[in-house]
Amino acid sequence: MLIIIRYFGMLVEQTFKQQETLEVSENSTIKSLEETLLSKYPLLKNSSYNIAQNQKIVPKESVLSNGDELAFLPPFAGG
Amino acid sequence: MKNVFVQGAITPDFIANSISKHQSKTTIGAHDIFLGQVRADVIDGKTVTAIEYTAYEEMANTKFDEIRESAFDKFDLTCSHIYHSLGTVKAGELCLFVFVSSPRRKEAMKALEYLVETIKAESPIFGKEIFEDQSHQWKVNS
């Protein structure tokens, strides 16, 4: 199944992209996706972030569905 | 859903116009306003000259709606508005405008503090602090 991943703030500097689409297997979790991305983008290991699934920050055990949008969100700085 | 984002700095004229628009709402007895201004912080000897704001806009607009709705639930408010800049805002310019109105001042003041603190904690907005030598670092709210 296909999921969309978006990167924000300093994480764009570490992945060199703002967005990508990835193929993942059925029953993948956010945690398994994160592990894949950490080996693809080692600089992410030094960064602090939350992961949102379809605009909600959820536990990493959350299971992915086809068409999900995941966002890697570094610390907030609004205001 | 309201769009909260403004390109570039929020101007004093924008704020004055916003206040003018509320003068017809004569059940209002108190307005309270918060303005966030970009501060020229000095970090390791370098001065911040601007912040470049980006955001996960769809999530931020939904989040702002939720925050506004929860303020209406918690406090007796007539009106509430939130505006945040995107793009480059120079030191001394305004990047956040929160405006609440209520029949009574105590509700307005409490609601404003709640809104500002919740916005700063929960909105997916990111700030790149740009120094005078064009180097940068990423801002983290405290």
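Residues numbered from 1 in each chain as written. Chains lettered and ligands numbered in written order. Predicted model: local features only at pLDDT ≥ 70, side-chain atom pairs only at ≥ 80, totals over all residues.

Student: Help me understand the overall build of chain A, please; the structure alone is not making it clear to me.
Tutor: Scanning chain A from N- to C-terminus turns up 2 helices and 5 strands. When its helices and strands are written in sequence order, chain A yields β-α-β-α-β-β-β. In summary, chain A has a C-alpha radius of gyration of 12 Å against a globular reference of 12 Å for 79 residues, a match within 12%. Seen along its three principal axes, the alpha-carbon backbone of chain A occupies a region of about 35 × 25 × 20 Å. Within chain A, buried positions represent 27% of all 79 residues. A separation threshold of at least 6 residues defines the contact pool for chain A, and within that pool the share at least 24 residues apart is 57%. (Helix = DSSP H or I, 4+ residues; strand = E, 2+ residues; numbered from the N terminus. Rg over C-alpha atoms; globule rule 2.2 N^0.38 Å. Buried ≥ 20, exposed ≤ 12 C-beta atoms within 10 Å, placed from the backbone. Contact = placed C-beta atoms within 7 Å.)

Student: Where do I start with unusual backbone geometry in this structure?
Tutor: For residues that are not glycine, phi is negative in most cases, and the peptide bond is trans in most cases. Of note, the phi angle at A:Asn54 is positive, near 50°, even though the residue is not glycine. In this structure, A:Asn54 sits in the loop between strand E3 (50-53) and strand E4 (56-57). For B:Asp44, which is not glycine, the phi torsion reads 50° and is therefore positive. Relative to the helices and strands, B:Asp44 is located in the loop between strand E3 (42-43) and strand E4 (46-55). Take B:Asp44: there are 6 C-beta atoms within 10 Å of it, and that puts it in the exposed class.

Student: Teacher, can you tell me more about the nonpolar core here?
Tutor: A:Phe8, A:Ala71, B:Val98, B:Val100, B:Ala111 and B:Leu115 are the most contacted members of the largest nonpolar core, which totals 48 residues. For B:Val98, the residues in contact, after removing those within four places along its chain, are B:Phe34, B:Ile82, B:Leu112, B:Leu115, B:Val116 and B:Ile119. (Core = buried A, V, L, I, M, F, W, Y, C linked by C-beta atoms within 7 Å.)

Student: Hey, could you run me through the environment of B:Val42 in this one?
Tutor: Along the chain, B:Val42 turns up in strand E3. Along the backbone, B:Val42 and B:His136 are 94 residues apart, and their C-alpha atoms lie at a distance of 12 Å.

Student: Quick question: what am I supposed to make of the interface of chain B and chain A here?
Tutor: The accessible area lost on association of the parts is a frequent measure of interface size. Counting residues at the interface gives 20 residues for chain B, matched by 13 residues for chain A. A class-by-class count of the residues in the side of chain B that touches chain A yields 10 nonpolar, 7 polar and 3 charged. (Nonpolar A, V, L, I, M, F, W, Y, C, P; charged D, E, K, R; others polar.)

Student: What is the right way to look at the packing of helix H2 (residues 57-74) of chain B against helix H3 (residues 105-122) of chain B in this model?
Tutor: Angle between the axes and distance between the axes are the two parameters that describe a pair of packed helices. Residues and elements named next belong to chain B. Remark: H2 packs on H3, axes separated minimally by 10 Å, with the N-to-C direction vectors making an angle of 155°. The angle between H2 and H3 places the two elements in the roughly antiparallel class. Two packed elements cross with a definite hand, and for H2 against H3 that hand is right-handed. Judged by residue contacts, Lys-63, Ile-67, Ala-71 and Lys-74 of H2 engage Ala-111, Tyr-114, Leu-115, Thr-118, Ile-119 and Glu-122 from H3. A per-class count over the contact of H2 with H3 returns 6 nonpolar, 1 polar and 3 charged. (Axes fitted to C-alpha atoms, helices over the stretch in contact; angles between N-to-C directions. Parallel < 35°, antiparallel > 145°, perpendicular 65-115°, else oblique. Left-handed = near helix turned anticlockwise from the far one by under 90°.)

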